[in-house]
Amino acid sequence: NMFLEETASIRLEARPPLVFVPGNHDTYHDFDRAEIARLWPAPNPRALWRSFDVGPYRFVILDSGNDLRDDFDPLDSEGLQLEWLVAQLKGADEAGLHAIVCTHFPPYTSGAQDPPNPRVRESVSRAILARHNLALVLSGHVHAYERLEIADAKDRLVTHVVTGGAGGPFHGIDEKRREAGSKAFVGH
């Protein structure tokens with residue numbers, strides 16, 4: 001609700017392009033998922049993922065779910081979203097498009113308070129993303145900015161950016177667990 005209130009004048013008057021990547025604070029309840037599906041067209045509240053092409057890029061927006069145990073997991077390894085993701089990336093490869101993948105939970109981060117999400121790292125990044133021609137991976141959740149370069153399955157470096165902030169105070173880095181590909185980290 002706060003997001004909708006604070007962005008109303010921008011969204012409703014200026015109407016700039018806006019890419020919404022659902023995350024844990026957006027999808028805690030089925031009602032929230034239904035509202036998001038209504039505002040950003042989705043086949044149903046269980047399918048908040050989508051893609052669109054702009055010039056030579058395919059933007060792939062994932063629903064990495066929330067962080068509540070025993071809740072709906074859109075990244076279930078047997079789930080429809082992962083099958084859809086493979087098809088989107090394969091289609092981008094075949095069309096000569098560079099994929100930009102956006103996910104709320106980062107697969108890689110050195111954040112002390114917000115470690116990388118193992119589901120996103122294993123089921124998405126290592127199992128799927130590493131096999132395709134990616135231009136960039138954007139994520140949020142962590143209250144810090146980080147730029148990483150992670151090798152894919154063909155040893156090409158793919159830039160990952162954790163966008164930081166999230167409307168709260170910045171958190172620190174965990175130097176003992178700093179990602180090998182971390183190139184820049186801005187926190188407190």
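Let me sum up the structure you'll find in this document. (Residues numbered from 1 in each chain as written. Predicted model: local features only at pLDDT ≥ 70, side-chain atom pairs only at ≥ 80, totals over all residues. Heavy atoms only, no water.)

**Topic: the sheet that holds strand E7 (residues 182-186)**
With mixed pairing, the seven strands of this open sheet are ordered in space as E1-E2-E3-E4-E6-E5-E7. Since the sheet does not close on itself, it has two edges, and those belong to strand E1 (50-54) and E7, each with one partner. Ignoring strand direction, the axes of neighbouring strands in this sheet form an average angle of 15°. In this structure, strand E2 (residues 57-61) lies alongside strand E3 (residues 98-103), joined through five bridges in parallel fashion. Paired with Phe 59 across the two strands is Ile 100, which belongs to E3. Sitting on the sheet, helix H3 (residues 80-95) is in contact with E1, E2, E3 and strand E4 (134-139), with an inclination near 175° to E2. (Pairing = 2+ DSSP bridges. Helix = DSSP H or I, 4+ residues; strand = E, 2+ residues; numbered from the N terminus. Axes fitted to C-alpha atoms, helices over the stretch in contact; angles between N-to-C directions. Contact = heavy atoms within 4.5 Å.)

**Quick word on the pattern of salt bridges**
Summed over all chains, the structure comprises eight salt bridges. Put simply, Glu 149 and Arg 147 hold a salt bridge, and the shortest N to O gap is 3.7 Å. Relative accessible area serves as the criterion here: at 26%, Glu 149 is assigned to the partly exposed category. Between Arg 178 and Glu 175 there is a salt bridge, with its nearest N and O atoms 3.6 Å apart. The class of Glu 175 is exposed, set by a relative accessible area of 52%. (Salt bridge = Lys/Arg side-chain N within 4 Å of Asp/Glu carboxyl O. Buried < 20%, exposed > 50% of the residue type's maximum accessible area, 1.4 Å probe, protein only.)

**Here's the deal with the side chain of Ser 182**
With respect to the secondary-structure elements, Ser 182 resides in strand E7. Judged by its relative accessible area of 13%, Ser 182 falls in the buried class. Of note is the side chain of Ser 182, whose polar atom sits 3.2 Å from the side chain of Arg 178. Among all residues touching Ser 182, those that are not within four sequence positions of it are Ser 110, Glu 146, Arg 147 and Leu 148. (Polar contact = N/O pair within 3.5 Å; in protein donor to acceptor, adjacent residues only side chain to side chain.)

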